Structures are given as C-alpha cells and as structure tokens.
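Each chain, letter by letter, is given below.
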Amino acid sequence: MSYFLLDDYANMEPYLPGEQPEGKWIKLNANESALPPSPAVLKILNEAEYEGMGFYSDPHCHKLRQAIGEVYGFDEKNVFVGNGADEVLAFCMMSFFRKGMKIAFPDITYDFYRTYATTYNLDFTQFPLNDDFTINVDDYVDYDGDVILANPNNPTGIAISVSEIERIVKKNPERMVIIDEAYVDYGNVSCIPLVRKYDNLLVVQTFSKSRNMAGARIGFAIANEDMITDMNKIKFAFNPFNMSSLAIEAGAAAARDVDYWQKCIHQVCDVRDAFEKDLKKLGFDVINTTTNFTFITHPHFSATYLFKELKKRHILVRHYDTPRINNYLRITIGSFDVMLKVLYAIKEIVGEGYESPDQ
C-alpha cells in the first residue's frame, strides 16, 4: 500500500467479482441475464440524441426516476437512482452511517455488505444462518442496530416473507432497515409497499437481473422522501452526474415495458425449474431458489471437483471457499440451450462409474 492510504482503509478487503475471462465461455458465475433488454431499449439507443452527447446528463435523473415511480406507484421524490445497486448502497452508507455504528447481516450473504461495513468502519454483526440456510428473523427483530438483508438471499436463493420483514422494520422505528431485492422478481413478493407505512425502510433493486441490463449499470432505491433527499445531497456533493444520458433513457424505456419484463421473468423461471428437476435426477441436493440461479451440492462429488471439471469444459460457475457452503455451487440460469449444454457436461462428469479423485 502507498504512504498516502488512510489508516482506516489499511485492512479493507475489496469485493471480488466473479471471474471475467476472455474468449468463448459459458459464463454462469455472475448472475447475469442471457436475455436481451426490452426492444424499447434498442429503439431508444438507436434514436439517442447523438448531438446531445456533448452535454452533461440530467443530474436529477428525472425521466428514469419518474418511470420507476410509475411502475411501483410512487412519486419520483421517493426514488433514488445510481450507477448500479452497489453504488446506491454506497450512497446509503455515506448518507446514514458513521464510524462505529452497528449493523447486522447474515454470515452467508452478498459479500459487498461486509466490504462496505469494513470500509466505513462499522461495528457489524454477522448472524449465522440456520442449518437449512434460512434466516432467523428473531435475530434481527431483537437486534439494537441497523439491518441490511438480501431478500432473496445470495448465494442461497432463499427468501423471507414480507410479513417477517415487517416484524423487523416495525420493532424499532429509529433504526434503518435496508432490504436488497436484486432477485425479488423471480417468484417473490416485494416489500416496497411497506415504504408507505415505515419511514425507516429503504428498498434497493437493480436492472441487472430481471430487466437484463447488467452492462447499463442501473440501480435504484425507494424510501420516504426525506431519506431520498438526504441521499441526493450526498450524491451532489460527490458525483452529481453519476448516470449517463443513455442509461437514463434506456432505463426509463425498460422500466415502462412491463409486459416484456414479466415475459422474461417467466422464461427464466421455467428454465430454472426444468434444470433443477434434471439435477435432482442426477443425485444433486438442490436448494429450491426463487432467483435467477440455482444452489446445489452432490453427496458423492465435491464442489471443488465439479467446479474444476466444468471449467475444463469452458463452463464457469461460482464456487465459494467459505465454511458451510464450500461444498455448494451457484449456477446462474442461462438460456434453455445453454442450460442443456451445462446439463450434458454435468452428466458426463457425474456419470455412472465416474469417480471423483478427491473423495
């Protein structure tokens, strides 16, 4: 590290994204979408104001915030947008958390929560998941600090109900509860309506999953107007032009194309359910997820071995070298044809008479 790095960041552990190799790979390690964005997005990009690219984008992102608000039944004053959900969370941390504040999240969840908690020198608690990887809601109901939860959780894919989230939120109106709903659309109910009842709830979503726009980097939060105003103050002090003109235009078009969005969700869920059914026939233990990925383990083949064998076949999946889940693989759901290829590769690896050398 350099002489100039702040001491507060000396022990920071940066978030490590899924491997991003070049060349021809089946890439199922980052929970991206194999489906294209809405056709309305293509139309917007083709008609983008070419001459206007020399001007700064709208720092207030009115068009995008209005579109998101329309879809979820809120005024744009209740909507914050950022360069991906991770930046939205970063602005939330900068706005509402100071050194030493208490925050809790599960021991097995999205790694960025731990990264942010370390970066901002928070006093964080990691409550262990239950043996079946479910969240013990009582841990958070009784906790005396702020809370951040991915719902459904990542990488387990297990969700908790809106009523359980409400138990956490209403227990203490003076603490903030952040619910990260990156995967909520794949068979779950959003807790966004609770924002009307509780001023301490902030819900984060992304365009990277169900709206098939990970490369556009669009995330948003919905909360009470005062919290959104506070976050925008911090944004304007740090990076007022955080969203490009193209992202604002494309995001607004994608948000309003609800029919296409729902069609894509159903397609991913159908492929996921069929893939998980076939994996069970091959002896895998499958966590029944409500996400765009599956979380699996095999009683006779280690996850490390399966990961390496799939990689030899140019198939990338996610393996976590973390206690309790180090014998699981997380596999993003791609197109029907892609998942057939993955299934054939897995059949070859775990086929009859094929023994894992590390068992």
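Residues numbered from 1 in each chain as written. Predicted model: local features only at pLDDT ≥ 70, side-chain atom pairs only at ≥ 80, totals over all residues. Heavy atoms only, no water.

Bringing helix H2 (residues 62–72) into the picture now. Three or more residues of H2 are buried, namely Leu 64, Arg 65, Ala 67, Ile 68, Gly 69 and Tyr 72. Backbone geometry just downstream of H2 places Gly 73 in the positive-phi region, at approximately 80°. (Buried < 20%, exposed > 50% of the residue type's maximum accessible area, 1.4 Å probe, protein only. Helix = DSSP H or I, 4+ residues; strand = E, 2+ residues; numbered from the N terminus.)

Our next topic: the sheet that holds strand E9 (residues 285–287). Read across the sheet, 4 strands follow the order E9-E10-E13-E12 without closing on themselves; strand pairing throughout is antiparallel. In this open sheet, the two strands that pair with only one neighbour each are E9 and strand E12 (318–319). Sheet topology note: the E12/strand E13 (residues 329–332) ladder contains 2 bridges and is antiparallel. Bridge pairing links His 319 to Leu 329 in E13. Strand contacts of helix H9 (residues 258–281): E9, strand E10 (293–297) and E13, with the helix running at about 10° to E10, the strand carrying the most contacts. (Pairing = 2+ DSSP bridges. Contact = heavy atoms within 4.5 Å. Axes fitted to C-alpha atoms, helices over the stretch in contact; angles between N-to-C directions.)

Another point: H9. Helix length check: H9, at 24 residues, gives a terminal C-alpha distance of 35 Å against a target of 34 Å (1.5 Å per residue), a fit within 8%. For H9, the secondary structure elements touched by its buried residues are helix H1 (39–46), H2, E9, E10, E13 and helix H11 (336–350). Phi turns positive one or two residues past the end of H9, at Gly 283, with a value near 95°. (Expected span 1.5 Å × (residues − 1).)

Bringing a negative patch on the surface into the picture now. Taken together, the side chains of Asp 75, Asp 199, Glu 225, Asp 226 and Asp 230 present a region of like negative charge at the surface. On the secondary structure map, Asp 226 appears in helix H7 (residues 225–238). (Patch = residues over 30% accessible without salt bridge, like charges linked within 9 Å, V, L, I, M, F, W, Y side chains within 5 Å. Areas by Shrake-Rupley, 256 points an atom, 1.4 Å probe, with all protein chains shown as cover. Salt bridge = Lys/Arg side-chain N within 4 Å of Asp/Glu carboxyl O. Lys, Arg positive; Asp, Glu negative; His and termini not counted. Charge placed at Lys NZ, Arg CZ, Asp CG, Glu CD.)

Counting 86 residues, the largest nonpolar core has Ile 68, Phe 133, Leu 201, Phe 207, Ile 222, Phe 275 and Leu 329 as its most contacted members. Here this core takes 9 residues from H9, the largest share from any one element. Excluding its chain neighbours within four sequence positions, the residues that come into contact with Leu 201 are Val 169, Val 177, Ile 179, Cys 191, Leu 194, Val 195, Ile 222, Ala 223 and Met 227. Judged by nonpolar contacts, the second largest core, of 30 residues, contains Ile 103, Leu 202, Val 204 and Met 231. (Core = buried A, V, L, I, M, F, W, Y, C linked by side-chain atoms within 4.5 Å.)

Following Asn 151, the chain continues into Pro 152 via a peptide bond in cis, with omega recorded as 0°. Inspection of the secondary structure puts Pro 152 in the loop between strand E5 (146–150) and helix H6 (162–171). In the segment running from Asn 154 into Pro 155, the intervening peptide bond is cis, with an omega of 20°. One non-glycine residue, Asn 31, lies in positive phi territory at about 55°. The residue Asn 31 is located in the loop between strand E1 (26–27) and H1 in this model. Assessed through its relative accessible area of 1%, Asn 31 is described here as buried.

Enumeration over the complete set of coordinates arrives at 15 salt bridges. In this structure, the salt-bridge partner of Lys 27 is Glu 32, at a minimum N-O distance of 3.0 Å. A relative accessible area of 28% places Glu 32 in the partly exposed class. For Arg 114, the salt bridge is made with Asp 111, and the minimal N-O distance between the two is 3.0 Å. Among the charged side chains, a network of salt bridges with common partners joins Glu 309, Lys 312, Arg 313 and Glu 348.

Moving on, we get to the packing of helix H3 (residues 85–96) against H7. Running from N to C, H3 and H7 cross one another at 100°; their axes reach a closest spacing of 9 Å. One way to sum up the angle between H3 and H7 is to call them roughly perpendicular. Within the contact between the two elements, H3 uses Val 88, Phe 91, Cys 92, Met 94, Ser 95 and Phe 96 and H7 uses Met 227, Asp 230, Met 231, Ile 234, Lys 235 and Phe 238. For the contact of H3 with H7, the class distribution of residues is 9 nonpolar, 1 polar and 2 charged. (Parallel < 35°, antiparallel > 145°, perpendicular 65-115°, else oblique. Nonpolar A, V, L, I, M, F, W, Y, C, P; charged D, E, K, R; others polar.)

To continue, consider the packing of aromatic side chains. This structure, assessed with the given rule, holds 18 aromatic pairs. By the ring-pair criterion, three or more aromatic residues cluster together here, those being Phe 105, Tyr 110, Phe 112, Tyr 113, Tyr 116, Tyr 120 and Phe 124. We note Arg 211 situated over the ring of Phe 207; from NZ or CZ to the ring centre the distance is 4.8 Å. The positively charged end of Arg 330 is found above the aromatic ring belonging to Phe 293, 5.6 Å away from the centroid. (Phe/Tyr/Trp six-rings, centres within 6.5 Å; stacked < 30°, edge-to-face > 60°. Lys NZ or Arg CZ within 6 Å of the ring centre and 35° of its normal.)

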